[in-house]
Amino acid sequence: MSVPAIQLVDVGKRYGGLQAVDSVTLTVAPGERRVLIGPNGAGKTTLFHCVTGTVRATSGSIRLFDTEVTQLDEASRTQLGMGRTFQISNVFMDLTVVENVLLARLGKDRRKWTAYRPLRRYPQLHEAAAAGLEAVGLGARANDLVRLLSYGERRQLELALALATSPRVLFLDEPCAGLSPSERQLLSRLISALPRDITLMMIEHDMDVALALADRVTVLHRGRVMLEGSPDEVQADPEVREVYFGHV
Ligand SMILES: Nc1ncnc2c1ncn2[C@@H]1O[C@H](COP(=O)(O)OP(=O)(O)OP(=O)(O)O)[C@@H](O)[C@H]1O
Ligand SMILES: [Mg+2]
C-alpha cells in the first residue's frame, strides 16, 4: 500500500476547558477527495488548522506523506506541499489578479525572488500564473484589479492562490459558502476539475456539493470522528441523519 497523503493519529486541540478536536485518527490516500462534514462548532475548521499548522495541535501526530509535520510551523508545511485557501483578507486589492497569483507563488519559492525586481521580469512565472488563472476560470480577468472582482470571482481567485503554491494536498474550508447557486455550481465544477494528483480535503456544508465531490466522507461531531464512509454510506446512516440533518 502506498504511503498515505495525510495521516492523523489521535489529534487533539484543547482551548481552555473546551476539547475542540478530540482524538481524531484518519488517513487520506494520495489523490483521494475527502469531504469533512459536521454540525456548526464540530471542530472542522480547528482540525484543518491543526493539520496545516495555523494552530498547533495539543496532542497527537500529523504526517504528510512520509514526513512527520506535527512540530513544524505553517510555512514549513506549505513548503512540503500543504496548500490551503487564503482568506480574502490576504489578497492585495489594489494589485491585479495575476500579480496576486505571482506573489503567492513567490511567497512559496523564495529562491526565485529578488527584492524590487519587477514582476514582469519573471516570464516563466507569468506563464504559470496565467495558466493557473485559466484553470479557475479567471483567464479574462488576469489584468484587472482584485477590487473589481465579484464575490464569486474572489473565491475563484482564492483557489488560484492556493494552487499557485503547487500543493500536493489542498485544504478547502467551505469554498462555496456565501455564493449564489450559479456561482456555487461554477466553483464546485472548477474544484471537481482539479488534477487528480492533488489530494483534496474539503469542509462543505452543502450536501449536494459534498456528496458529488467526495470519494469518502468523514463526519465530525463534538470534535470526534463519528463516522467515515462512502457518500452513500454516510447519507444512509441513521445517526448521521439525526445529528447532521436533524431528522432520521
Ligand atoms: N481560537 C479559539 N479559541 C477558543 N475556542 C475556539 C477557538 N477556535 C474555535 N473555538 C471553538 O472550538 C469549537 C470548534 O470550532 P470550529 O470553528 O472548529 O467548528 P466548525 O466545525 O468549523 O464550525 P462551523 O461549521 O461553524 O464552521 C467551537 O466551540 C469554537 O467556539
Ligand atoms: Mg468552520
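The coordinates are above.
Residues numbered from 1 in each chain as written. Chains lettered and ligands numbered in written order. Predicted model: local features only at pLDDT ≥ 70, side-chain atom pairs only at ≥ 80, totals over all residues. Heavy atoms only, no water.

K.L.:
So what's going on with empty space enclosed by the protein? Which residues, and what values?
P.N.:
Evaluated as defined, the whole model comprises one cavity of 30 Å³ or more. Looking at the largest cavity, its volume works out to about 40 Å³. Lining of the largest cavity is provided by T85, R155, E158, L159, P175, L187 and I191. It is helix α5 (residues 151-163) that provides the largest number of residues to the lining of the largest cavity, a total of three residues. Here the residues of the lining of the largest cavity are counted per class, giving four nonpolar, one polar and two charged. Counting residues domain by domain, the lining of the largest cavity receives three or more from each of domain 1 (1-81 + 167-248) and domain 2 (86-163). (1 Å grid on protein atoms, 1.4 Å probe; cavity = no way out; pocket = protein on both sides within 12 Å on 5 of 7 lines; lining within 4 Å. Points joined across faces, edges and corners; volume = space filled by probe spheres on them. Helix = DSSP H or I, 4+ residues; strand = E, 2+ residues; numbered from the N terminus. Nonpolar A, V, L, I, M, F, W, Y, C, P; charged D, E, K, R; others polar. Domains from an automatic or database assignment.)

K.L.:
Outline the site of ligand 1, supporting the account with residue identities and numerical values.
P.N.:
Among the 13 residues in the neighbourhood of ligand 1, the closest are listed as N40, G41, K44, T45 and T46. Contact between ligand 1 and N40: an oxygen atom at 2.9 Å from a side-chain N or O atom of the residue. The separation between an oxygen atom of ligand 1 and a polar main-chain atom of A42 is 3.1 Å. Put simply, the parts of the chain that give the shell around ligand 1 at least two residues each are β2 (18-28) and α1 (44-52). The element that contributes the greatest number of residues to the shell around ligand 1 is α1, accounting for three residues. (Near = heavy atom within 4 Å. Polar contact = N/O pair within 3.5 Å; in protein donor to acceptor, adjacent residues only side chain to side chain.)

K.L.:
Could you give an account of the sheet that holds strand β6 (residues 82-84), with specific residues and numbers?
P.N.:
Pairing within the open sheet is mixed, and its six strands lie in the order β6-β7-β8-β3-β9-β10. Each edge of the sheet is formed by a strand with only one pairing partner; in this case those strands are β6 and β10 (224-229). Going across the sheet, the axis of each strand differs from the next one's by a mean of 20°, ignoring polarity. By the bridge criterion, five bridges tie strand β9 (residues 216-221) to β10 in an arrangement that is antiparallel. Looking across to β10, one finds that V217 is bridged to G229. In the packing of α1 onto the sheet, contacts are made with β3 (33-37), β6, β7 (169-173), β8 (199-203) and β9, and the angle to β7 comes to roughly 150°. (Pairing = 2+ DSSP bridges. Axes fitted to C-alpha atoms, helices over the stretch in contact; angles between N-to-C directions. Contact = heavy atoms within 4.5 Å.)

Worth remembering: the numbers are spatial, not functional.
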